[in-house]
Amino acid sequence: KFSLKSFFNPIKDSQIAWKGALVLTFLSTFLYVFMEWLFTVTKPSFMTNLGILDKCEILLFVSSLAVILSELPLLILFLTSRIPFFRKSEKLFYYLGLAVPAGILSALVLILVDNFTYTLLRFGIVSTQGILRGIYALGFVIVFVWIYLKIRNTGFYLDRKIQKSKNKMVIAIFMVVFLVGTISIPYFRHGSLQRLIPESKVNSATNQLPNIILITSDGLNADHMSIYGYERDTTPFLKGISKSSLVAENAFTNSANTTGSIISILTSKDTTTTRVLYPPDILTNLDSYEHLPGILQAAGYFTVEMGFGVYVDAYNQNLLNGFDLVNGRRFLGSKYFDLLNTYFPGQSSYFFYDTFNRIFDRLRHIFFLNTMENSFEQVTTVADSFADSQKMEQLYGYFEQKDQPIFAHIHWMGTHGAKFFPEKQVFSLKKQKDLQMEWDLDFYDDSILELDQTVKHIYERLDLEATDANTIIVIASDHGQHYVSNERLPLIFLFPNGEFSKTLSLNVQNLDIAPTLLDYLGLEIPEWMQGTSLLNGLEKQRPIFATGVGRTTVENGWTQVDSALSKPPFFQFGFVSMIDCDQWYQLSFLDSFSFANAKVDSYNTTCTNGKKSDADILRQISDHLKENKFDTSGLENWITNYSSN
């Protein structure tokens, strides 16, 4: 008869309960995934705007996959213990197997405590250093031992209940059907979403794959760069090589927010297509697999991204099968998880990654195997914490270690602001870094000069003047300073041997970067890319669309889109802007619709087609949203009233 006393009393070592251990592992794993799912759905996350059916699908799919993976070591130990040679050691195998549910429950305790303390007190594992990390590790070990001793009796109790049950076969069938059925849900609902990379032969001028270094400098305005005519010589090196480069005079972003802009660069898709604009937005379905780094990786490139935690991290944005390394780590640190992610795509795979990476990161941190990045500190402290110089040392290390072509995306944070900390002061020589005001243009110009000298160092370090040099350098920016979409941005391609050197006067956009690189390599440009190759110039002006968030709020210490705005019909999008030659237009969705228009500053190309009417621009913006499956019925009514007035 069951009682609390018998429940907590330790059992004799001779009692082995494999069935109970299997059921206990099933229950503890499901509980772990459920608690992480509950944590995710009750905070702003990628699930926020999903329907209840999609949320339940994610829970069932990930919990089933996790159960299968956690049951495997138990099954292996059980089958091994049945081999005659190991029969005398069956108790040892059983006790090893109990470490699986004990480990899962201990991890659950750790993650729940960390969620609680970080949410309420802004203190958690990520903010611990030194001896505090060891204290967390000791606490985890103590909890593990305590749980391990307790579940021995629980496993025995469950085993005896199953033995006495007349429905043992029903229980087994239920577990199998549950696991197999829920694992199959995404395929029944969505079909297979494996990536499709076109097989194309490389046809570059050198018949070898060139290295590609893509540098996106945060918040960098072209009108503060001497290569674009700025009176201060902030880019002497880039200006000196401009005649052997492809230089776009009028380049614009497709997003006023870093995450949306970087994803649009890597996918060559508008943010209105991918719906990725600001964390916690993620790529979903085929968008997760359709991108430049995936194509390059399939062509033989070693691909690496060096950005920073929250806003520039391909794994956090669910860009799959594209980068070998992102911010110093592989996808969950294992090629087997990469494989799972390939065959189980979509939001479910992202939740699987996020759930288990959260606990793995914390365990590695407290046991001094790796140090977690404090993403909150990264995005709220000044630019000197982003360690741009370390990124360059890592880059040089990859060139020395790898015997394959490299695609490196480096997001340069020195120009980010609101304060700037260049190593060498030139324009801010008479000012003190620690006493600078926000958005000080002298320090900003010094940070641009530092970027220019870094590009010069890359050029010299890789000896790109050599006749056999085979590296492409691309200089771009995510958005204008102060997170705007109406500033001209730099876009400079330095191809080997000065190929395709020219100055483009017509408007270009960040979406054009990926098609231009593929065109140079002789690789097919996929139909889903919305940009255009710039190698042969452009024939006419095009409208360039960009988006941005509306109001942001700070909740639990994190800046995020105001939840009152993150809802249909425009979700996290606060505005859509459009560049038409030298005119900038913006349609805002905040609280109610509003429309604004201004001329692009420092625009230096003649516009011949004349300025369009507001009604025509609004129709173009509305059509753009409609093409990307936004509900524009309310907007169209407003446009009709606006035009009539």
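What you see is a predicted model, and the numbers here were worked out from it, not measured in a lab.

A. Structural context of the overall build of the chain. A tally of regular secondary structure across the chain gives 20 helices and 16 strands. Sequence separation of 24 or more characterises 71% of the internal contacts of the chain that already satisfy a separation of 6 or more.

B. The arrangement of helix 14 (residues 347-366) in detail. Compared with the 28 Å implied by 1.5 Å per residue over 20 residues, the 29 Å span of helix 14 between its first and last C-alpha is a close match. For helix 14, the tally of buried residues reaches 15 of 20 residues, placing the bulk of the element in the interior. Just downstream of helix 14, F368 is the residue with a positive phi angle, here 60°.

C. Summary view of helix 5 (residues 99-121). An ideal rise of 1.5 Å per residue puts 33 Å on 23 residues; helix 5 measures up with 32 Å between its terminal C-alpha atoms. Trailing helix 5 by a residue or two, R122 shows a phi angle of about 60°, which is positive.

D. Just the packing of aromatic side chains, in detail. Scanning the entire structure with this criterion turns up 33 aromatic pairs. Relative to Y95, the ring of Y94 lies with its centre 5.8 Å away and its plane at 50°, an arrangement referred to as tilted. Neither residue differs from the other here; Y94 and Y95 are each classed as buried. When the centroid spacing of 6.1 Å and the interplanar angle of 20° are considered together, the rings of F323 and F407 count as stacked.

E. Representation of the packing of helix 5 against helix 14 in the model. Axis separation between helix 5 and helix 14 bottoms out at 11 Å; the angle between their running directions is 90°. Comparing their axes, helix 14 and helix 5 come out roughly perpendicular. Counted together, A107, L110, I111, D114 and N115 of helix 5 and R358, I359, R362, L363 and I366 of helix 14 form the full contact between these two elements. Of the residues assigned to the contact of helix 5 with helix 14, the class counts are six nonpolar, one polar and three charged.

F. Region of interest: the state of the cysteines. Taken as a whole and judged by the stated rule, the model has one disulfide. The residue that forms a disulfide with C581 is C607, at a sulfur-sulfur distance of 1.8 Å. Torsion about the S-S bond of the C581 and C607 cystine: about -100°, corresponding to left-handed handedness. Of this pair, C581 sits in the loop between strand 14 (573-580) and strand 15 (583-588) while C607 is found in the loop between strand 16 (594-599) and helix 19 (614-627), placing the two residues 26 residues apart along the sequence. C581 sits in the buried class, given a relative accessible area of 10%. A residue is classified by how much of its surface remains accessible, and C607, at 28% relative accessible area, is partly exposed.

Rules used throughout
Residues numbered from 1 in each chain as written. Predicted model: local features only at pLDDT ≥ 70, side-chain atom pairs only at ≥ 80, totals over all residues. Heavy atoms only, no water. Helix = DSSP H or I, 4+ residues; strand = E, 2+ residues; numbered from the N terminus. Contact = heavy atoms within 4.5 Å. Expected span 1.5 Å × (residues − 1). Buried < 20%, exposed > 50% of the residue type's maximum accessible area, 1.4 Å probe, protein only. Phe/Tyr/Trp six-rings, centres within 6.5 Å; stacked < 30°, edge-to-face > 60°. Axes fitted to C-alpha atoms, helices over the stretch in contact; angles between N-to-C directions. Parallel < 35°, antiparallel > 145°, perpendicular 65-115°, else oblique. Nonpolar A, V, L, I, M, F, W, Y, C, P; charged D, E, K, R; others polar. Disulfide = S-S within 2.5 Å.

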